[in-house]
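Spelled out from the first residue to the last, the chains are:
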Amino acid sequence: MRRPLRHLALAGAALALSVSVLSCSRPSTDTTTAAPPAAADKQLSIGFFGFAKANSFAQATWAGIQEYAAANNATATFLDSNFDGPTQVNQLQDAVTSKRYDVVIVQANDGTAIVSAVKQAVAAGITVVIEFTPVGGRYDTTEAQIPGTVSIVDAPTINGEGLATLGLGACKEAAATPCKVAYLQGFANYPLDTARTNAAVAALEKGGAQVVANVVGGYTPDSGRAAFQNVLQAQPDVDVVIGSSQAIEGAAPLAAGKDIKFVGNGGSTQAFDGVDSGAWYGVYVIPEKAEGAKAAELGLAKARGQQVPTATDARSLTPYAALGTKATLQGQTADYSD
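Residues numbered from 1 in each chain as written. Predicted model: local features only at pLDDT ≥ 70, side-chain atom pairs only at ≥ 80, totals over all residues. Heavy atoms only, no water.

**Things to note about the overall build of the protein chain**
1) Next: Counting its regular elements, the protein chain contains ten helices and 13 strands.
2) Next: Considering the protein chain as a whole, with its 338 residues, one finds that 54% of them fall into the buried category.
3) Next: In the protein chain, the proportion of contacts linking residues at least 24 apart, taken out of those at least 6 apart, comes to 72%.
4) Next: Approximately 13500 Å² of the protein chain is accessible, and the part contributed by carbon and sulfur atoms is 52%. (Helix = DSSP H or I, 4+ residues; strand = E, 2+ residues; numbered from the N terminus. Buried < 20%, exposed > 50% of the residue type's maximum accessible area, 1.4 Å probe, protein only. Contact = heavy atoms within 4.5 Å. Areas by Shrake-Rupley, 256 points an atom, 1.4 Å probe, with all protein chains shown as cover.)

The structure is reproduced here in structure tokens:
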């Protein structure tokens, strides 16, 4: 993410088209029986079932939720599952039983395992917003998969294809034939990561790149550094490295003196700085604080009886369809830090 983009003009038209046709939202098609709308002056409560309190991405979501709630007569609580799917399911089931929240925002660790608990929440008359991770078993759509829910997500397969688009752009800039790419996936055997990884690798290979490494890089600088050290030992001539922005923050310093291009997943200030300086080629950006605020807006509006779209593509929160490069990020500001 830190080099002049000589080939951006080739992708400009395609990017402009992708932004113009990107569906921001789908109108409400909810036919379920909802709870009576809350009075306009009633203070509502939001429960945020996030990935983990220690995760900067989830903290960005939380910041957006908190700010919107405070400005719109609502309270908010973060329920920390620490990246554990079963724990998150239990937390949501407990919240349904206690009827503690008017609105729940679910940032699912496992979008399949939590389906039953989400259905229970809807049946109990709780407004449910699915945020970032699709819930329902499909990872290739932004549509709401559980009737009665509101969805604002970044479909993992779309994310993976976006990372591949950026990776292939980095390959063009590297002018390497074949272009050797290392992909640092997040967690092993994690449904969201599996769907994203498979989509990214398939798109990279279809575009002519050679994926020479596909290893777990995690979501911290330390895990990314360790993974990239192993990659360098096995593939010292790698051209492009793709991974979570946190992992790339740990990996990139190891490339000092090498002409390796990096692509991150996550639009933190550190990632934006990496692109701006030229050390990184690009970054897939979902402005997560803005998405958290939007999730709170949709949830509170629905709970108060307003019509809201049932599906919003998170890429629509950026003017560049989430594909951040040195050119597209000019004048843009990251909304969270790792």
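Moving on, there is more to tell.
**Remarks on the side chain of asparagine 109**
1) Next: Here asparagine 109 shows up in the loop between β4 (103–106) and α4 (115–123).
2) Next: Only 2.7 Å separates the side chain of asparagine 109 from the side chain of serine 81, close enough to count as a polar contact.
3) Next: Ignoring sequence-local partners within four residues, the contact set of asparagine 109 consists of Gly50, Phe51, Ser81, Phe83, Asp84, Gly85, Gln88 and Tyr190. (Polar contact = N/O pair within 3.5 Å; in protein donor to acceptor, adjacent residues only side chain to side chain.)

**Description of the confidence of the model for the protein chain**
1) Next: When the pLDDT values of the protein chain are averaged, the result is 90; 90% of them are 70 or greater.
2) Next: Note on residues 1–24: pLDDT is under 50 here. Beyond four places in sequence and across chains, it has 61 contacts.
3) Next: This stretch, residues 27–33, has a pLDDT under 50; its non-local contacts, to residues over four places away or in other chains, come to twelve contacts. (pLDDT = per-residue confidence, 0-100.)

**A short note on the packing of aromatic side chains**
1) Next: Enumeration over the complete set of coordinates arrives at twelve aromatic pairs.
2) Next: Their ring planes at 5 degrees and their centres at 6.2 Å tell us that phenylalanine 48 and tryptophan 62 sit as a pair that is stacked. You can see phenylalanine 48 sitting in strand β2 (residues 44–50) and its partner tryptophan 62 sitting in helix α2 (residues 56–71), a full 14 residues away along the chain.
3) Next: The class of phenylalanine 48 is buried, set by a relative accessible area of 0%.
4) Next: The buried category is assigned to tryptophan 62, whose relative accessible area is 11%. (Phe/Tyr/Trp six-rings, centres within 6.5 Å; stacked < 30°, edge-to-face > 60°.)

**Considering the pattern of salt bridges**
1) Next: A complete count under the given rule lists eleven salt bridges for this structure.
2) Next: For arginine 196, the salt bridge identified is with aspartate 193, shortest N-O distance 2.7 Å. One end of the pair, arginine 196, and the other, aspartate 193, are both in helix α6 (residues 191–206), three residues apart, so they sit about a helical turn from each other.
3) Next: Residue aspartate 193 is classed as buried on the basis of its relative accessible area, which comes to 1%.
4) Next: A salt bridge links aspartate 313 to arginine 315; the nearest nitrogen and oxygen atoms lie 2.8 Å apart.
5) Next: Counted as one network, the salt bridges with shared partners bring together Glu173, Asp259 and Lys261. (Salt bridge = Lys/Arg side-chain N within 4 Å of Asp/Glu carboxyl O.)

**Here we look at the nonpolar core**
1) Next: One finds Ile46, Phe48, Ile65, Val103, Ile105, Val129 and Leu300 to be the most contacted residues of the largest nonpolar core, which totals 31 residues.
2) Next: Mapped by element, the contributors of at least two residues to this core are β2, α2, β3 (74–80), β4, β5 (127–132), β6 (150–153), α6 and α10 (288–303).
3) Next: Apart from the residues lying within four places of it in its own chain, the contact partners of isoleucine 105 are Ile46, Gly47, Phe48, Phe49, Ile65, Val129, Glu131, Ala295 and Ala296. (Core = buried A, V, L, I, M, F, W, Y, C linked by side-chain atoms within 4.5 Å.)

**Overview of the sheet that holds strand β11 (residues 282–284)**
1) Next: Here we have six strands laid out as an open sheet, ordered β8-β7-β9-β10-β11-β13, and mixed in their pairing. The open sheet is flanked by β8 (210–216) and β13 (323–325), the only strands paired with a single partner. The average angle at which neighbouring strand axes cross in this sheet is 20 degrees, direction not considered.
2) Next: Here six bridges tie strand β7 (residues 180–185) to β8, and the two strands are oriented parallel to one another. The partner of glutamine 185 across the bridge, within β8, is valine 216.
3) Next: Each of β7, β9 (240–244), β10 (261–265), β11 and β13 is contacted by helix α5 (residues 156–174), which is oriented at about 165 degrees to β10, the strand it contacts most. (Pairing = 2+ DSSP bridges. Axes fitted to C-alpha atoms, helices over the stretch in contact; angles between N-to-C directions.)

**What to know about the packing of helix α3 (residues 85–98) against α4**
Helix-helix packing is characterised by the crossing angle of the two axes and by the distance between the axes.
1) Next: Here α3 crosses α4 at 15 degrees, and the two axes come no closer than 9 Å. Comparing the axis directions of α3 and α4 gives the class roughly parallel. Seen along the crossing, α3 lies across α4 with a hand that is left-handed. Only Ala117, Val118, Gln120 and Ala121 of α4 make contact with α3, whose side of the interface consists of Val89, Leu92, Gln93 and Val96.
2) Next: A per-class count over the contact of α3 with α4 returns six nonpolar, two polar and no charged. (Parallel < 35°, antiparallel > 145°, perpendicular 65-115°, else oblique. Left-handed = near helix turned anticlockwise from the far one by under 90°. Nonpolar A, V, L, I, M, F, W, Y, C, P; charged D, E, K, R; others polar.)

**Topic: the packing of α5 against α6**
1) Next: Axis separation between α5 and α6 bottoms out at 7 Å; the angle between their running directions is 35 degrees. The handedness of the crossing between α5 and α6 is right-handed. Taken together, the residues of α6 that come into contact with α5 (itself represented by Pro156, Thr157, Asn159, Gly160, Glu161, Leu163, Ala164, Gly167 and Leu168) are Leu192, Ala195, Arg196, Ala199, Ala200, Ala203 and Leu204.
2) Next: Residue classes in the contact of α5 with α6 are distributed as ten nonpolar, four polar and two charged.

**Details of the state of the cysteines**
1) Next: Evaluated as defined, the whole model comprises one disulfide.
2) Next: The side chain of cysteine 171 participates in a disulfide bridge whose partner is cysteine 179; the two sulfur atoms lie 2.0 Å from each other. Of note, the bridge from cysteine 171 to cysteine 179 carries an S-S torsion of about -75 degrees and is left-handed in sense.
3) Next: The exposure class assigned to cysteine 179 is buried, which follows from its relative accessible area of 4%. (Disulfide = S-S within 2.5 Å.)

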